Amino acid sequence: MLRKHGYSAAELLTILSARQLSDGQVVFAGVGIPLLAATLAQRLRCPGLTILFEGGVIGAFIEPGKLPPSTNDQRCTKRANMVLGSAEVLLLLQRGYVDVGFMGGAQVDQYGNLNSSFIGDPARPKTRLPGTGGGNDIASLAHMIVAMKHEKRRFVEHVDFVTSPGYLRGGDTRRASGLLAGGTFRVVTDLAVFGFDADERRMQVMSLNPGVSREELQDNTGFVLAFAPHLGVTEPPTDQELELLRELDPDRLYTG
Amino acid sequence: MAAKDRKATGKAAPTYLELREELLRRDRSLRHKVVSLEEATSFVRDGDSVGIGGSTMSRTPMGMIWALIRAGRKGLTCSRSIVSSDGDLLYASGACDHVVTSWFSQGILWGVSKVMRHHVESGKVRYDEWSHMAMGMRFRAGAMGVPFMPIRSMLGSDVRKQRPEAIEFDCPFTGEKLLLVPALNPDVALIHVQRCDAYGNAQIDGLQFMDVDLAMAANKVILTTERIVSNDQIRRAPDQTKIPFFAVDAVVELPFGCAPHECYGVYEPMLRHMEYYVGLVNGDPVKGMQQYIERFVHGPKSWSEFLALIGIDELLEAARAGESIYDA
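Residues numbered from 1 in each chain as written. Chains lettered and ligands numbered in written order. Predicted model: local features only at pLDDT ≥ 70, side-chain atom pairs only at ≥ 80, totals over all residues. Heavy atoms only, no water.

A. A look at the overall build of chain A. Looking only at helices and strands, chain A has seven helices and 15 strands in total. Here the C-alpha radius of gyration of chain A, 17 Å, is about what a compact globule of 256 residues would show, namely 18 Å. The C-alpha extent of chain A, read off along each of the three principal axes, is 45 × 45 × 35 Å. With 256 residues in all, chain A has 61% of them scored as buried. As displayed, chain A offers around 9,600 Å² of accessible surface, 49% of which is attributable to carbon and sulfur atoms. (Helix = DSSP H or I, 4+ residues; strand = E, 2+ residues; numbered from the N terminus. Rg over C-alpha atoms; globule rule 2.2 N^0.38 Å. Buried < 20%, exposed > 50% of the residue type's maximum accessible area, 1.4 Å probe, protein only. Areas by Shrake-Rupley, 256 points an atom, 1.4 Å probe, with all protein chains shown as cover.)

Here you go:
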């Protein structure tokens, strides 16, 4: 699904997400694009990035072409610094050792809440989705980056079900519910990069991806968009980023 | 009191003294516990609460689950950190009508399990969703002999609203809001390990998931193991022993006991078989599952025959990949 630029939406999403990470951080990554983006950042710019997986891995170093089918597989442990129990690695989030949580979702709303549990009424669901996994724990306990494909049905005013909390109903509602730390600070899509304003805690566009107009973005979003005062344009993927990404995922397991 | 009886009496969980009495009734002496796979099924009764070790496609006790389905167990409530195709089989065979977990589908490579969807959306079965950490802390509380653990996740979410069993609580020390998640003490735990001795001293390589807490929380533990080793070998590396013999009630030697899933350092998942399986059952969750269960669960005479159906090429390939984790 190569667009006119010579890269796919999933590749763009992975590369832009990877740019959000900094060397020296401890990042808790979900399977799929978050895992791939963290690995890309680690290989390209951030050799001191420590990647955690919910299967119980500290300091993962994923091998090119050997992406794991889940974050609970043995491939996640190759060359890691430590393996530990699942509860133990999740408790690192609660204790505060994790700088960035990094995950995807089926549905996101204007306050950064994610749904990966139900489409439709939970009592009589149209679709029962797989559920939270570690997503709720990451979102509840760490500052978080969300990476997801931008589609109108995925970017909604209110999610059908809050699986992983963002800012709940905005303002102070997250803290008031007992979630004292963390919160989503970036949403990265194949169309734009978003942040959240400091008061209302509502999603706002920080930069548009190459070739994307405000109108196109709004047409693909289920709520009225706010734009940051100094709207930027995302730098397109470099050849180096694309080459390395294709080396990591030659079979297009996650970027297909 | 078995989970079924507790369901009937509306009682949520065993009391502390009931749990201790269950322990006292067990023969915890240093004795040989090796049984056949078929014999091991007698440790699980209809209606039991069953804790399943491993996570997603890793160290899943697939052989034991396979045997329980063949033995016709019904009405099980199954809890696990993350559920994969094991859950499809448990629902579709009628062995289980209630899954307690944090995530349920075959694997991220294959989208949403149509089998899980079919059963849950039609209202035939229950799927109780907890956060992954909440599952861990529920087993942890069970292992600790306390009725709950406090956590700081799930608060504010709809996952929490769906779970009235969890209670919001203001900390008596700090006044902070916490969520109390109830202990989970399954009637029986099914755990697959790389090696153990005939007494049940179990060594786990690589990822442990929630298995140690699960073993200590459960009222009974059935181990399946790639290999039974001597007690001398266990004693040479006691730091590798993760589950002590006195928590274990039965030991089954079952090579490739996680097939088609993974066993750390021994074999990776058998992805060709999984692709075939997912194609079949997600194409038609009812007929596809019937066909699969008929051919792969009830068809073979033994676990070895099931492995032969997966095919020697795929087993060897998975084993080569599994052992490669130890390559420099």
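Now that the structure is up, let's keep going.
B. Summary view of the nonpolar core. Core analysis: the largest hydrophobic core is formed by 73 residues, its most contacted members being Phe194(A), Leu217(A), Val181(B), Ile191(B), Leu223(B) and Ile243(B). It is helix 7 (residues 132-144) of chain B that provides the largest number of residues to this core, a total of six residues. Setting aside anything within four residues of it in sequence, one finds Ile243(B) in contact with Ile191(B), Gly200(B), Asn201(B), Ala202(B), Ile204(B), Asp211(B), Ala215(B), Leu223(B) and Val248(B). The next biggest cluster of nonpolar side chains, apart from the first, holds 56 residues, and it includes Met57(B), Val83(B), Trp110(B) and Tyr127(B). (Core = buried A, V, L, I, M, F, W, Y, C linked by side-chain atoms within 4.5 Å. Contact = heavy atoms within 4.5 Å.)

C. Broad picture of the interface of chain B and chain A. At the interface, 53 residues of chain B touch 52 residues of chain A. Three residues stand out in chain B for area buried against chain A, namely His132(B), Met133(B) and Leu207(B), and they jointly supply 14% of the buried area on that side. Our enumeration of links across chain B and chain A arrives at three salt bridges. In this structure, Glu268(B) engages Arg75(A) in a salt bridge whose closest nitrogen and oxygen atoms are separated by 2.9 Å. Here chain B and chain A share 33 residue pairs in polar contact (both at pLDDT 80 or more) between them. Looking at the side of chain B that touches chain A, the elements that each hand over two or more residues are helix 6 (114-121), strand 4 (126-129), helix 7, helix 8 (158-161) and helix 14 (312-323) of chain B. Ranked by residue count, the leading element in the side of chain B that touches chain A is helix 7 of chain B, at six residues. Across the side of chain B that touches chain A, the residue classes break down as 26 nonpolar, 16 polar and 11 charged. (Buried area = accessible area lost by both parts, 1.4 Å probe. Salt bridge = Lys/Arg side-chain N within 4 Å of Asp/Glu carboxyl O. Polar contact = N/O pair within 3.5 Å; in protein donor to acceptor, adjacent residues only side chain to side chain. Nonpolar A, V, L, I, M, F, W, Y, C, P; charged D, E, K, R; others polar.)

D. Structural detail: the packing of helix 2 (residues 33-44) of chain A against helix 7 (residues 239-248) of chain A. Residue and element names in this part refer to chain A. For the pair helix 2 and helix 7, interaxial distance at closest approach is 10 Å and the crossing angle is 120 degrees. Relative to helix 7, the element helix 2 lies oblique. Judged by the twist between their axes, the crossing of helix 2 over helix 7 is right-handed. Within the contact between the two elements, helix 2 uses Leu36, Thr39, Leu40, Arg43 and Leu44 and helix 7 uses Gln240, Glu241, Leu244, Leu245 and Leu248. (Axes fitted to C-alpha atoms, helices over the stretch in contact; angles between N-to-C directions. Parallel < 35°, antiparallel > 145°, perpendicular 65-115°, else oblique. Left-handed = near helix turned anticlockwise from the far one by under 90°.)

E. Quick peek at helix 7 of chain B. Residue and element names in this part refer to chain B. With 13 residues, helix 7 should reach 18 Å at 1.5 Å per residue; the first-to-last C-alpha distance of 18 Å fits that figure. His132, Met133, Ala134, Met135, Gly136, Met137, Arg138, Phe139, Arg140, Ala141 and Gly142 are the residues of helix 7 that are buried. One or two residues past the end of helix 7 sits Gly145, with phi positive at roughly 75 degrees. (Expected span 1.5 Å × (residues − 1).)

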